[in-house]
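An overview of the molecular structure
Now for the letters of each chain:
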Amino acid sequence: MTIAENIHVVRQHIEDACAKAGRKPDEVTLIAVSKTNPAEAVIEAAVAGAQHFGENRVEEAESKIPVVNAQVSKPLTWHMIGHVQSRKAKDVEALFQYVHSVDTLKLAQKFSALSLEKGKTLDVLLEVNVSGEEAKHGFVASQWANDDAMKSALWSELEQVFALPGLKVRGLMTMAPIVPDPQQARPVFASLAALREALQDRFSVVLPDLSMGMTDDYPVAIEEGATFVRVGRAIFGERAIK
Ligand SMILES: *Cc1c(COP(=O)(O)O)cnc(C)c1O
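To start, this report covers the structure provided alongside it. Since we're looking at a predicted model, the values are computed, not measured.

1. Thoughts on the packing of aromatic side chains
Each aromatic ring pair is described using two quantities: the centre-to-centre distance and the angle formed by the ring planes. Inspection of the entire model under this criterion finds 5 aromatic pairs. Taken together through their ring pairs, the aromatic side chains of W144, W155, F162 and F203 make up a single cluster.

Laid out in structure tokens, this is it:
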């Protein structure tokens, strides 16, 4: 299968999941996760109609994004989806239109300050660890619905994030655990969607976006309200182990 054919199939699955959930396909934006794949593959995907791309490492993005941008006729939107070290925030801000992986108050403050210096605002999503897996980055939120101490700690941090003038907080992002059956990821997606509702109610903020769902589970994520799905292998094929 070519990249173009893969994109076609993924878009079909997105439409099917939307139909099942009673949602409109244009509510869901496909992010083609191009990490580890060369610029040529990204260009092929762009020619096939992909417009949003996701990368997770700054060094790789620095060498890839300018090459791709110079060779495509329409502007692409680049999404940072990997953990960002504070000292790399400036490079990220220069390369990407969205950052999905704002995972601490400190990093949020850093991005806000950098954006203000440039007189702009940065579109971000807050990465939330709702699964409770220790290896995962993100604001700690596994028990936000029933652990009052966890909830108040989270509320106090997020309240400060929402107040940052250099950020436009578009919503929440999460990574589901790797499970044999994608249905097992459903409670994690549902929890992120419920957290979004709770935050909107509590802080009178508008959080239109939920970034959730990858190759193995994006149809389930769409059923639970995803507006961004981050799909790599189903488009570009299996990645060489790095
Ligand atoms: C790699 C990656 C993806 C895409 O994963 P696939 O299984 O290849 O679809 C999505 N989100 C994040 C944060 C990633 O690092």
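From this point on, the discussion continues.
2. Things to note about the pattern of salt bridges
Side-chain pairing between opposite charges can occur once the charged atoms of the two side chains come close. All chains considered together, the criterion is met by 15 salt bridges. Across the salt bridge formed by E59 and K88, the nearest N and O atoms sit 3.0 Å from each other. Within this pair, whereas E59 is found in helix 3 (residues 58-71), its partner K88 is found in the loop between strand 3 (77-80) and helix 4 (89-95), the two being separated by 29 residues in sequence. E59 sits in the partly exposed class, given a relative accessible area of 41%. The buried category is assigned to K88, whose relative accessible area is 17%. Between D209 and R170 there is a salt bridge, and its shortest N-O distance comes to 3.1 Å. With a gap of 39 residues between them, D209 in strand 8 (residues 209-211) and R170 in strand 7 (residues 167-173) connect regions that are remote in the sequence.

3. A look at unusual backbone geometry
Despite not being glycine, T36 shows a phi value in the positive range, around 70°. With respect to the element layout, T36 can be found in the loop between strand 1 (29-33) and helix 2 (39-47). Classification of T36 by relative accessible area gives partly exposed; the value is 31%.

4. Description of the site of the ligand
As a matter of local geometry, the ligand sits amid V33, K35, I81, M175, M214, T215, R230, V231, G232, R233 and R239. At 2.8 Å, a side-chain N or O of R233 approaches an oxygen atom of the ligand. Side-chain polar atom of R239 to an oxygen atom of the ligand: 2.7 Å apart, as the coordinates give it. Surface burial for the ligand is 95%, taken as the share of its 390 Å² of free accessible area covered by protein chains.

5. What about helix 1 (residues 3-21)?
The end-to-end C-alpha distance of helix 1 is 27 Å, a good match for the 27 Å that 19 residues give at a rise of 1.5 Å each. Buried residues along helix 1 sit against strand 1, helix 2, helix 8 (218-223), strand 9 (228-231) and helix 9 (233-236).

6. Side note on the pairing of strand 5 (residues 122-129)
Within a regular strand, side chains alternate between the sheet's two faces. Counted residue by residue, strand 5 has 8 buried out of 8 residues, so it is predominantly covered. Both strand 4 (residues 98-102) and strand 5 contribute to a ladder of 3 bridges, which runs parallel. Across the sheet, residue Y98 finds its bridge partner in strand 5, namely D123. Both strand 5 and strand 7 contribute to a ladder of 6 bridges, which runs parallel. Each bridged residue has a counterpart across the sheet, and for L122 the counterpart in strand 7 is L167. The pairing of strand 5 with strand 6 (residues 139-140) spans 2 bridges and is parallel. Each residue of the ladder has a partner; that of V128, found in strand 6, is F139.

Reading the values: the criteria
- Residues numbered from 1 in each chain as written.
- Predicted model: local features only at pLDDT ≥ 70, side-chain atom pairs only at ≥ 80, totals over all residues.
- Heavy atoms only, no water.
- Phe/Tyr/Trp six-rings, centres within 6.5 Å; stacked < 30°, edge-to-face > 60°.
- Salt bridge = Lys/Arg side-chain N within 4 Å of Asp/Glu carboxyl O.
- Helix = DSSP H or I, 4+ residues; strand = E, 2+ residues; numbered from the N terminus.
- Buried < 20%, exposed > 50% of the residue type's maximum accessible area, 1.4 Å probe, protein only.
- Near = heavy atom within 4 Å.
- Polar contact = N/O pair within 3.5 Å; in protein donor to acceptor, adjacent residues only side chain to side chain.
- Areas by Shrake-Rupley, 256 points an atom, 1.4 Å probe, with all protein chains shown as cover.
- Expected span 1.5 Å × (residues − 1).
- Contact = heavy atoms within 4.5 Å.
- Pairing = 2+ DSSP bridges.

Note that all results are geometric; they support no functional claim without further evidence.
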